[in-house]
Amino acid sequence: MKILIVDDEPRHLRGMMNLIQQLRPDAEVTAAKDGTAALEQAREDCPQVILTDIRMPRMDGLAFLEKLKEERIFTKVVMVSAYNLFEYAQKAIRHGAYDYLLKPVEVENVERLLDRIELQLSIESLQRREAEELKQRLTLASSAYRSRLYLSWLSGSLTPSEQEEIDEMDWLQGGGLMIYSELKTAGADEQHIGELAYLQCLEQGWSKLGKALTIPRSGFQDQTLRAVTIVRTLPLAAPSLESLIRSIALSLSAELSRNGRLTHGVSSYCESIVSEGPQAYRAAREANEHNFFACWEGLFLYDQPRSSHQPIPVDSERLFEALLDNEPEIAINRCRTAFARLSEAGHAHPALIKEQASLLLVKLKSRIHELVDRKVSRQLTQTASALVQACGSYEELMDRLELSLREVHHALRQSQQDKNEIIIANCLRWIREHIKEDLTLERAAAHFFFNPSYFSTFIKSKTGRTFSEHVTAIRMGRAKELLAENKLRIYEISAECGYQDTKYFCRVFKKHHGISPEAYKHTSLPERKRKE
C-alpha cells in the first residue's frame with residue numbers, strides 16, 4: 001500500500017510517518033510539506049492513501065482535495081487537523097475526503113482507519129477485476145455475435161431481423177472486395193499461431209486496400225486457419241488493383257511463412273458490398289481452391305481465366321501395359337504428362353483433377369484385381385475414394401499417383417514371379433512323374449500350353465538351365481537313389497530312369513557324377529550298411 005503524508009510542520013510529519021511505518025511495516029510511505037508538493041507527488045506516484053493537514057502554506061488541504069478531484073486522481077484522502085470544527089469536516093467530506101482525524105491522533109484511531117481503508121481497497125480491487133472480466137466477456141460475446149451475423153449473411157442464412165441489421169451497417173454501404181484466406185500449418189517445423197493473431201495480421205495487411213474487417217471462418221480445423229476479409233475500397237484500374245493485391249499478399253506470406261502456407265482467393269470488385277457480398281464471398285472461396293496449383297504462388301483472383309474444356313480421360317490401358325511390361329518409369333511419366341495437360345497450367349478446377357485421378361485408380365483396380373493380391377486392390381480403392389480427395393496440392397496428388405503406380409507395378413511383378421515359380425515347379429514335378437517316358441521340349445510345352453520356343457527361353461531365363469538339362473539332372477538324381485538302394489540291376493535302373501540304352505545311360509551317369517554306376521553302387525555300400 002502506498003501512503004502519502006502531507007504536513008507543513010516537520011515534527012508532526014515525522015511523527016505520523018513513524019506511526020504509519022510501525023503499524024504497516026510493508027507500506028511504502030512518502031511525505032510532502034504542502035499541498036503543491038503533494039499534488040506533484042500524487043501525479044507521479046498515484047498513492048492509494050493520502051493523510052493531509054488542512055492548514056498549510058501555498059495550498060491548503062481543502063484546495064489540494066479539490067485539485068485531486070479536478071485532475072481525477074482517485075485516492076483515499078484523510079484530512080488531519082487540530083480544529084474540531086464541523087464546518088471543516090463537512091467541507092472536507094463534500095469535496096470527497098474519505099475520513100477526518102483530529103490532532104493529536106491516537107494510535108487506535110489510525111489502526112482502525114488503516115484497517116477500513118485496506119478492506120475498502122480490497123473490495124474495490126475485486127470489483128474492478130469483476131468489471132474488467134465482465135467487460136471482456138461482453139466484448140467477446142459482442143465479437144462472437146458480430147462474427148456469427150456476418151457469416152450468416154455471407155452464407156445466405158439471415159433471419160429478416162438480422163438482414164435489417166446488416167442493411168443498416170454504414171460501413172457496408174459501398175463497394176469493395178471479399179478475400180478468403182487459409183493458413184495451412186501441417187508441417188512439423190512450423191510454429192503455431194493463435195487465431196486472434198492470425199486475424200489481426202490479415203486485417204492489418206488488407207487494410208492497405210481500404211477499411212478492412214477480418215472474420216474467422218471456422219476454428220483451427222484440419223491444421224488450417226480460415227478467414228474472410230471484407231474490404232471497402234474504391235474501384236481501381238485492374239492492373240493497379242491486382243499489383244497492390246499481389247504486393248500485400250506477398251508481404252503477408254512473408255510475415256506468416258514460419259507458421260505455414262498462406263493462400264488467398266480474391267473476388268471481383270463489388271459495386272455494393274451489402275447486396276453482392278454473399279456472391280462475392282462464394283467467388284473468393286472458389287478462387288482460393290485454385291491455389292491447389294503452386295504456379296499461382298498462393299494468390300488467385302476470381303477474374304483469372306479458367307478452363308471450360310471437357311477433360312480427356314487418362315489412358316489407363318497404356319499405363320497398365322507399361323506396368324505389366326516392367327516399365328514403371330514410362331507409366332509414371334505418361335501419367336504426369338497426361339495430368340499436366342489436364343491441369344491446363346493451373347486453370348482447370350482442382351475438383352476435376354482429383355476426379356480424373358480417382359477414375360484412373362478405379363480403372364487400374366478393375367484391370368489388376370484378378371492378377372494381384374486383394375490387399376493391393378483394396379488399397380487402390382481407399383486411395384481413389386479418400387486419399388486423393390485429401391490431397392492439398394497438385395504436387396501431393398502427383399506423388400500419391402506415382403506411389404500407387406509403383407505399388408501396382410510391384411504387385412504385378414510379384415504376381416508374375418509367383419506365377420512363374422508355380423509353372424517351373426509344375427514342370428519339374430511333371431518331369432519326375434514321367435521320368436521313364438520319352439520327354440521332349442515339344443511335349444512339355446504342349447502340356448503347359450506354351451509355344452516350344454518361348455517355353456525353352458522361359459525355362460532357361462527363370463532357372464539358368466535348359467529343359468534337357470533339367471530332364472538329365474532329375475534322371476541322374478533318381479539313378480543315384482536306385483543305385484544306393486541296390487535292389488535293381490544296372491539295366492533295370494537305366495530303364496526306370498528313361499534310358500533304353502544301358503551303355504548310353506552309363507556314359508551319361510559318369511559324365512554327370514564323375515563315376516560309373518557300378519562304382520557308385522560299391523561306394524554307397526558302407527552307407528547302406530550303416531542305415532541297416
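The rules behind each value
Residues numbered from 1 in each chain as written. Predicted model: local features only at pLDDT ≥ 70, side-chain atom pairs only at ≥ 80, totals over all residues. Heavy atoms only, no water. Core = buried A, V, L, I, M, F, W, Y, C linked by side-chain atoms within 4.5 Å. Buried < 20%, exposed > 50% of the residue type's maximum accessible area, 1.4 Å probe, protein only. Helix = DSSP H or I, 4+ residues; strand = E, 2+ residues; numbered from the N terminus. Contact = heavy atoms within 4.5 Å. Pairing = 2+ DSSP bridges. Arc of directions from axis to C-beta. Polar contact = N/O pair within 3.5 Å; in protein donor to acceptor, adjacent residues only side chain to side chain. Phe/Tyr/Trp six-rings, centres within 6.5 Å; stacked < 30°, edge-to-face > 60°. Lys NZ or Arg CZ within 6 Å of the ring centre and 35° of its normal. Axes fitted to C-alpha atoms, helices over the stretch in contact; angles between N-to-C directions. Right-handed = clockwise from strand over helix to strand, strands pointing away. Salt bridge = Lys/Arg side-chain N within 4 Å of Asp/Glu carboxyl O. Parallel < 35°, antiparallel > 145°, perpendicular 65-115°, else oblique. Left-handed = near helix turned anticlockwise from the far one by under 90°.

S.K.: Is there a simple way to explain the nonpolar core in this structure?
M.R.: Considering soluble globular proteins, one finds that nonpolar side chains tend to be buried as a cluster. Membership of the largest hydrophobic core comes to 37 residues, with the highest contact counts inside it found for Phe 339, Ile 353, Ile 368 and Leu 397. For this core, the secondary structure elements donating two or more residues are α10 (316–324), α11 (328–343), α12 (350–368), α13 (374–390) and α14 (394–433). Ranked by residues supplied to this core, first place goes to α14 with 8 residues. Once residues within four sequence positions are removed from consideration, Ile 368 is found in contact with Phe 320, Val 376, Ser 377, Leu 380, Val 408 and Leu 412. Among the nonpolar cores identified, the runner-up in size contains 24 residues, and Leu 202, Leu 225, Val 231 and Leu 256 belong to it.

S.K.: When you look at the environment of Leu 412 in this model, what are you seeing that I'm missing?
M.R.: Locating Leu 412 in the fold gives a position in helix α14. Classification of Leu 412 by relative accessible area gives buried; the value is 6%. Sequence separation between Leu 412 and Val 376 is 36 residues, and the spatial gap between their C-alpha atoms is 9.9 Å. Setting aside residues no more than four positions away along its own chain, Leu 412 makes contact with Phe 320, Leu 323, Leu 324, Ile 368, Leu 371 and Val 372.

S.K.: Looking at this structure, I do not really get the pairing of strand β6 (residues 176–184). What am I missing?
M.R.: Along a regular strand, successive side chains alternate from one face of the sheet to the other. With 8 of 9 residues buried, β6 is to be regarded as a mostly interior element. Looking at chain direction, β6 and strand β8 (residues 224–232) are connected through 9 bridges and run antiparallel. Of the residues in β8, the one forming a bridge with Ile 179 is Thr 229. Of the pairings in the sheet, the one linking β6 to strand β9 (residues 261–266) comprises 6 bridges and is antiparallel in character. Each residue of the ladder has a partner; that of Leu 183, found in β9, is Leu 262.

S.K.: How do you make sense of helix α3 (residues 61–70) when you look at a structure like this?
M.R.: Think of an α-helix as turning once every 3.6 residues; residues three or four places apart then point the same way. Residues of α3 that are buried: Gly 61, Leu 62, Phe 64, Leu 65 and Leu 68. Around the axis of α3, the buried residues are gathered within 160° of arc, so they sit on the same side. Put simply, Asp 60 is the residue that caps the front of α3, since its side-chain oxygen is 3.3 Å from the backbone nitrogen of Leu 62. The positive-phi residue at the C-terminal boundary of α3 is Arg 72, with phi of around 55°.

S.K.: Sorry if this is basic, but what is going on with the packing of aromatic side chains here?
M.R.: Aromatic ring pairs are defined here through the distance separating the ring centres and the angle between the ring planes. Inspection of every chain in the model, using the stated rule, returns 16 aromatic pairs. Note on Phe 292 and Phe 293: the rings are 5.3 Å apart at their centroids and 85° apart in plane angle, and the pair reads as edge-to-face. With centroids separated by 5.9 Å and ring planes inclined at 15°, the aromatic side chains of Phe 450 and Phe 458 adopt a geometry described as stacked. Under the relative-accessibility criterion, Phe 458 is labelled buried at 5%. Following the ring pairs from residue to residue traces out a cluster consisting of Trp 430, Phe 448, Phe 450, Tyr 454, Phe 455 and Phe 458. Over the ring of Tyr 499 we find Arg 475; its NZ or CZ atom is 5.2 Å from the centre of that ring.

S.K.: Teacher, can you tell me more about the sheet that holds strand β3 (residues 49–53) here?
M.R.: Strand pairing in a sheet takes place through backbone hydrogen bonds and is either antiparallel or parallel in direction. If you trace the 5 strands from one edge of the open sheet to the other, you get β2-β1-β3-β4-β5, paired in parallel fashion. The sheet is open, and its two borders are formed by β2 (28–32) and β5 (99–102), each paired with just one other strand. Across the sheet, the mean angle separating the axes of adjacent strands is 20° when strand polarity is ignored.

S.K.: How should I be thinking about the pairing of β2 in this particular structure?
M.R.: For strand β1 (residues 2–6) and β2, the ladder comprises 5 bridges, and the chain directions are parallel. Counterpart to Ile 3 in the pairing with β2 is Val 29. Considered for its hand, the β-α-β crossover made up of β1, helix α1 (residues 10–23) and β2 is right-handed.

S.K.: Which parts of the structure should I look at to understand the pattern of salt bridges?
M.R.: In a structure, side chains of opposite charge can pair up when their charged atoms sit close to one another. In this structure the tally under the stated criterion is 23 salt bridges. A salt bridge links Arg 24 to Glu 118; the shortest N-O distance between them is 2.9 Å. Placement of Arg 24 in the loop between α1 and β2 and of Glu 118 in helix α5 (residues 107–155) is noted, with a sequence separation of 94 residues between them. Relative accessible area serves as the criterion here: at 12%, Arg 24 is assigned to the buried category. Between Lys 76 and Glu 124 there is a salt bridge, and its shortest N-O distance comes to 2.4 Å. Residue Lys 76 is located in strand β4 (residues 76–81), and its partner Glu 124 is located in helix α5; the two are separated by 48 residues in the primary sequence. Residue Glu 124 is classed as partly exposed on the basis of its relative accessible area of 21%. A network of salt bridges, in which partner residues are shared, links Glu 329, Arg 336, Asp 399, Glu 402 and Arg 406.

S.K.: In this structure, what is going on with the packing of helix α2 (residues 35–45) against α3? I would like to understand it.
M.R.: When two helices pack together, their arrangement is captured by the angle between the axes and the distance separating the axes. Two elements in contact, α2 and α3, have axes whose closest approach is 9 Å; the angle formed by their N-to-C orientations is 25°. Of the possible angle classes, the one that applies to α2 and α3 is roughly parallel. Of the two possible hands of crossing, α2 and α3 adopt the one that is right-handed. On α3, the residues touching Gly 35, Ala 38, Leu 39 and Ala 42 of α2 are Phe 64, Lys 67 and Leu 68.

S.K.: Hey, could you run me through the environment of Tyr 520 in this one?
M.R.: Among the secondary structure elements, Tyr 520 is positioned in helix α20 (residues 517–523). Among the residues examined, Tyr 520 registers a relative accessible area of 19% and is labelled buried. In sequence terms Tyr 520 and Phe 509 are 11 residues apart; their C-alpha atoms lie 9.8 Å from each other. Filtering out sequence-adjacent residues up to four positions away, Tyr 520 remains in contact with Lys 480, Leu 483, Ala 484, Phe 509 and Ile 515.

Note that every value here comes from positions in space, so none of it alone points to a role or purpose.
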